[in-house]
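Summary of the model geometry
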Amino acid sequence: MKFKALIGTSLLAMTVATPAYAQDAADEVERDAFGGEIVVTAQRQSERLQDVPIAVSAFSTEALEAQQIKTPSDLQLTLPNVTFTKTNFTGASFTIRGIGDLCVGTTCDSATAIHLNGDPLFSTRLFETEFFDLERVEVLRGPQGTLFGRNATSGVVNVITAKPKLGTFEAAAEAEYGNYNSLKGKAMVNIPLGDSAGIRVAGIYLNRDGYTKNEFLDTRIDDRDLYSVRGSFRWEPTEDTTIDLLASYFREKDKRTRIQKQLCQRDPTGILGCLNNRLDNSPFNGNATFTAALTSREFLATQGIPAAFALGSLYGPDVYANTTIPSDPRTVNTAYTPSYFTSELTLQGQIEHNFGPVSLQVSGQYQKVKLDASQDYNSNIGDRSLYAGGLATLAAAAGGALGPALQAYFAPVADAIIPNGPNGQLCTSLAEESGFGSFGGNSICSDQSLQFDRSNQYNSSWSVESILTSDFDGPFNFLLGGIYADYHLTENSYYVNAFPIDYLTGVLGAFNSLSNGLPPSFLGTPFFRNNTADLKIKSYGIFGEAYVEFNDRIKLTAGLRYNNDKKSVQARSTLASFLVPFGQTGTAFDSPFVGTFDADPGTPGNQLIQSRSVKFNEWTGRAVLDFKLTEDNLLYASYSRGYKSGGINPPLQPIFQVPESFQPEQVDAFEIGSKNTFGNGALQLNLTAFYYKYKDLQLSKIVARTAVNDNVDADIYGFEVEGMVRPDPDVLINLGFSYLHTKVASDKYTSNPRDFGGGRADAVIIKDITNAANCAVASASGSVAGVNAYVNQVNQLINAGAIPGLQAGAGLQGTKPFPADGGIASTGAYSVCAVVAALAPTLGQAFGGIETSTTINGETFQYSAGIPVNIKGNQLPQAPNYKFSAGIQYTARLGDGDMTLVPRVDLAYTGESYGSIFNGNVNRIKGYAQVNAQLQLNGPDDKWYVKGFIQNVFDANSVTGLYITDQSSGNYTNIFTLEPRRYGIAAGVRF
């Protein structure tokens, strides 16, 4: 047999993966979404998917419509061992067989490679829009060690767009109206340019009201307003040459939310903000936050600042104490309206020429992506009345009531943040690049105390790939290829803005500059900003495969790939980091006092930005032996090695000791499978079993308001079943089932951000009043009373002013127990971690591990960020043990059969999983089911159709992922959900 037919899908997985149903050529023109032979595109010969020894699922555009797979999130409802969830920083994680994007940061690579027409995409927003005018969507499960783009450890999602048809005019259009006033339109036109060329233009527009009700402003948020347009050109100058060009543009601008809801088991002590046993619809304790700590009378006392300037006490009521959180996930209270903007330009080109015994394909792509999103950080309305005393004192100082010396320093602060007095609107810094915020006139003012974040990114990339394949008649053939990719990120920032941050940076800046005889200044930046100013990634791969057919039944595939990745990054993190004089021009970093800021303590001298670079290289590959029992029954066994490059951890503020970089991932994957068709297509049954040995799996945790990454080893195994039963040409049943077992395979000790005491009763969890981070101290002798007495003694020393650099009067209290149902065995206290650490050796106490450091009066102290616990044996996040899906459709032929009525129902169940590597009830994601239904009437020759649909019939608010925020933000949990129930009608025409 010709080799093109043999390797078509192995090369680029470009098969239509709707279930095969044996038909003759006459039936092809009337095939439904699940019928017809499976073919490959371009000039390659046909090959059934059932002949391909790869765990691959895919959907034709007809199958996508029939199963109501409108977005990438919907793919998880029918694919075995696949989950999809949005993530915290405008991203998403497509998890295959337990491997997803557990790594967070600009230098992380995606575990699942996203491709468009075979070309790799970087930081793509491709999945923001709904699918339209596609040839198919393919999902390859398992590491792709040889052929695909930049290598991926979990698998590949390859979106194949519809290409122009030569010599044929075609057009199609669809209009849809649904609940939430949803209006959607899709259209396509295919225009021939003579017999050898053609163009195809397609687009989609979607506008709907918000899914979420904002009760405070009586508005709806989480809406969509987007469009996408794509143009394709194909030219076949000879029968052996094909040239394809593509240009697409996507744009969205609306009030969509990144995060659906925040859940918390409220901690009444404020030490943690949220407890460790369950997720409630309760507000976190605001006294656990950075802003509460640094504006508290306890902290101000240690700095010699009058308590009258405090916005509250850490032992008093917090701003969220009397608030309630709506139980409905689609109802929130916020004074800040979210915003969401993204755009993506993609250009592609491909030329393929058949030289006879060999063929050459050269392709390339260019991307330009913009993203900017902002929303309420705490999803709640705080009680600003608690600020009354501090605001009145600030206004008095600004008005000269406390003396002319103070007036010059505090008047600029009051003018910037309370311009209409202490009872007027409160002004909060905008998230902007100059670093001046409110103190440069860049603010938003409200009757409420606002808090919000902003995530933005601008990047461009290009790649070029060349593949040479042989097409010999003999038993041996080969493939050789190479790819080069270049990615450049010019801006990525994550901001956190809040009125109390403006207050503390203004007031502390005023006292700091006053006491040192400096001109009136504020502390810059008056918001948290983790900024990657520049990131360059250069990657290339050289790969090849050999194919040997021992006979008509047995084939061996052996492939090898060399991967090379280089990354260089410039980044910094700032928050109240240095004095900036009022009236400063340029940016905050032009301040004459910026020399006190060091973005890179590991490098001699003060650095305004941290520069790092890393290199990684790895050999990967695969070997596959497949055996055809019959033409309809295939057995195969494979081994493959996958690789994903490592990266660089961002700088932290305050400075914590974490590894500068994290290692590449490597997975050895073993798989056996069987693909079977019985009864002339009446039954199709595909079985797969796999075992992964994972080394250095990347995962992240929050430290000092920033995601940092680490590595663990893991073992994964499972199996998958995909079936299609067609007892009659008009009845189709498709079934899917998967089982997955994941666990951390080796000893790994790390601190749990929800329980810094590590489950020990003889530990005290400290909330540091100087930065709101948590640390922990344990008793060397195991004495509960001893460690409590030690912390109480330390606090007495702080209260008495016996600690250098800290003045008397803090009034810190002793240790307190956490609620019995909170899942915390330790006690807790407000204190200063550096002091606790410095005195621990002399008082016989112990820390669980040296992870952080701080400096007081020139002396550096190290202390534990938490008592480490061993996570060996824990399950990986986003890895449900069981998944099940089933769909049934019936084609009723009306009248003489020219018209058909097709009802279809789909059910999908996803089992329980965890949202964190620490597992436990508080991190448990409940299993969920979703049901979709559709009824479609097709006109004669399928020239028109009308359909009604329901997605998520039972309106389940199913959670797909969790994200635990930082200790200084309150330790609450962000959740991400599937869309609510949608229903509507649609009508379309085809020409």
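Every chain begins its residue count from 1, and numbering advances along the sequence as written. Two thresholds apply to this predicted model, a pLDDT of at least 70 for residue-level local features and 80 or more for giving and counting side-chain atom pairs, whereas whole-chain, interface and lining totals are computed over all residues. Excluding hydrogens and water, the side-chain values take into account all heavy atoms of the structure.

Some points on the overall build of the protein
So the rule is basically this: Under the DSSP-based scheme used, a helix requires at least four consecutive residues in state H or I and a strand at least two consecutive residues in state E, with every element numbered from the N terminus. Here the globule rule is a power law, 2.2 Å times the number of residues to the power 0.38, and the radius of gyration is based on C-alpha atoms. Think of it in three bands: residues with accessible area under 20% of the maximum for their type are buried, residues over 50% are exposed, and the middle band is partly exposed, with areas taken using a 1.4 Å probe on protein chains only.
Along its length, the protein carries ten helices and 53 strands. Scaling as 2.2 N^0.38, a compact globule of 991 residues should have a C-alpha radius of gyration of about 30 Å, and the protein matches this with 30 Å. Reported as C-alpha extents along the three principal axes, the dimensions of the protein are approximately 95 × 55 × 50 Å. Residues counted as buried form 61% of the 991 residues belonging to the protein.

Describing the packing of aromatic side chains
Going by this rule: Centre distance within 6.5 Å is the pairing criterion for rings of Phe, Tyr and Trp, where only the six-membered ring of Trp is used; planes under 30 degrees apart are then read as stacked, over 60 as edge-to-face, and the remainder as tilted.
What the rule picks out here adds up to 31 aromatic pairs. Where Phe 439 meets Phe 522, the ring centres are 4.6 Å apart and the plane angle is 25 degrees; that geometry is what we call stacked. Here Phe 439, found in the loop between β19 (426-429) and β20 (443-446), pairs with Phe 522, found in strand β23 (residues 521-524); they are 83 residues apart in sequence, far enough to count as distant. Pair check on accessibility: Phe 439 and Phe 522 agree, each one buried. Their ring planes at 40 degrees and their centres at 6.3 Å tell us that Phe 737 and Tyr 882 sit as a pair that is tilted. Here Tyr 882 lies in strand β44 (residues 882-890) and Phe 737 lies in strand β34 (residues 731-744), a separation of 145 residues in the sequence. For Tyr 882, a relative accessible area of 43% gives the class partly exposed.

Details of unusual backbone geometry
The residue after Gly 524, namely Thr 525, is reached through a cis peptide bond having omega -5 degrees. Inspection of the secondary structure puts Thr 525 in the loop between β23 and β24 (528-549). Residues other than glycine seldom take positive phi values, yet Asn 971 does so here, at roughly 60 degrees. Mapped onto the elements of the fold, Asn 971 is located in the loop between β51 (959-964) and β52 (973-977). Given the relative accessible area of 1%, Asn 971 is considered buried.

A word on helix α7 (residues 404-417)
The criterion, for reference: The span you would expect from a helix comes to 1.5 Å times its residue count less one. The quantity called bend is, for any residue, the angle between two axes fitted respectively to the seven residues ending at it and the seven beginning at it. The contact rule is simple, with two residues in contact once any of their heavy atoms fall within 4.5 Å.
In this model, α7 (14 residues) spans 20 Å end to end at C-alpha, consistent with the 20 Å of a helix rising 1.5 Å per residue. In α7, a bend of some 40 degrees at Phe 410 exceeds every other bend along the element, and Pro 412, a proline, comes one to four places later. Every buried residue of α7 is listed here: Leu 406, Tyr 409, Phe 410, Ala 411, Val 413, Ala 414, Ala 416 and Ile 417. Against α6 (388-399), β19 and α8 (499-515) lie the buried residues of α7.

Observations concerning the sheet that holds strand β15 (residues 261-263)
For clarity, the cut-off: Two strands pair if DSSP finds at least two bridges between them. Convention adopted: a line fitted to C-alpha atoms gives each axis, helices being fitted over their contacting stretch, and angles between N-to-C directions are expressed from 0 to 180 degrees.
Taken in spatial order, the three strands make up an open sheet running β15-β52-β51, and their pairing is antiparallel. Each edge of the sheet is formed by a strand with only one pairing partner; in this case those strands are β15 and β51. Neighbour-to-neighbour, the strand axes of this sheet turn through a mean angle of 35 degrees, independent of strand direction. Strand direction decides the pairing type here: β15 and β52, joined by three bridges, are antiparallel. Among the inter-strand pairings, Leu 263 is bridged to a residue of β52, identified as Thr 973.

Details of the confidence of the model for the protein
To be explicit about the condition: One confidence number per residue, pLDDT, is output by the predictor and ranges from 0 to 100.
A residue-level look at the protein finds 91% of positions with pLDDT of 70 or above and a mean pLDDT of 88. No element of the protein has a lower mean pLDDT than strand β42 (residues 859-863), at 32, and none a higher one than β19, at 98. The low-confidence segment residues 36-46, where pLDDT is below 50, has 42 contacts with residues more than four positions distant or belonging to other chains. In the model, residues 846-864 has pLDDT below 50 throughout and makes 64 contacts with residues more than four positions away in sequence or in other chains.

Some words on the environment of Tyr 315
The condition is simple: N or O atoms closer than or at 3.5 Å make up a polar contact, with two conditions inside protein: a donor-capable atom paired with an acceptor-capable one, and, for residues adjacent in sequence, both atoms drawn from side chains.
Among the structural elements, Tyr 315 can be located in the loop between α5 (297-302) and β16 (331-332). When the C-alpha positions of Tyr 315 and Leu 812 are compared, they lie 8.9 Å apart, and in sequence the two are 497 residues distant. Setting aside chain neighbours within four positions, we find Tyr 315 in contact with Glu 298, Gly 811, Leu 812, Gln 813, Lys 816 and Tyr 830. Within the structure, the side chain of Tyr 315 is placed 2.8 Å from the backbone nitrogen of Gln 813, a separation counted as a polar contact.

Quick word on the state of the cysteines
Operational definition: Here, two cysteine sulfur atoms that lie within 2.5 Å of each other are counted as a disulfide.
Scanning all chains against the criterion turns up four disulfides. One disulfide bridge connects Cys 264 with Cys 274, the sulfur atoms lying 2.0 Å from each other. The chirality of the disulfide connecting Cys 264 with Cys 274 is left-handed, given an S-S dihedral of about -120 degrees. Linking Cys 264 in the loop between β15 and α4 (290-294) with Cys 274 in the loop between β15 and α4, this pair joins segments that are ten residues apart in sequence. As far as burial versus exposure is concerned, Cys 264 and Cys 274 are alike and both buried.

Observations regarding the pattern of salt bridges
The line we're drawing: One side-chain nitrogen of Lys or Arg within 4 Å of one carboxyl oxygen of Asp or Glu is enough to make a salt bridge.
If you walk through the whole model with that rule in mind, you get 43 salt bridges. The salt bridge involving Arg 256 is made with Glu 128; its shortest N-O contact spans 2.3 Å. Linking Arg 256 in the loop between β14 (241-254) and β15 with Glu 128 in the loop between β5 (119-120) and β6 (134-141), this pair joins segments that are 128 residues apart in sequence. The burial state of Arg 256 is the same as that of Glu 128; both residues are buried.

Examining the sheet that holds β6
Strands sit in the order β1-β6-β7-β4-β5 across an open sheet of five strands; the sheet is mixed. The open sheet terminates on both sides in strands that have one partner only, identified here as β1 (56-60) and β5.

Overview of the side chain of Lys 261
Secondary-structure assignment places Lys 261 in strand β15. Those residues within four positions of Lys 261 in sequence are excluded, and the remaining contacts are Asn 281, Ile 325, Pro 326, Asp 328, Pro 329, Thr 331, Val 332, Thr 973, Asn 974 and Ile 975.

Brief notes about the environment of Ser 751
Residue position: Ser 751 is located in the loop between β35 (749-750) and β36 (763-768). A sequence separation of 24 residues divides Ser 751 from Cys 775, and the C-alpha atoms of the two residues are 9.8 Å apart.

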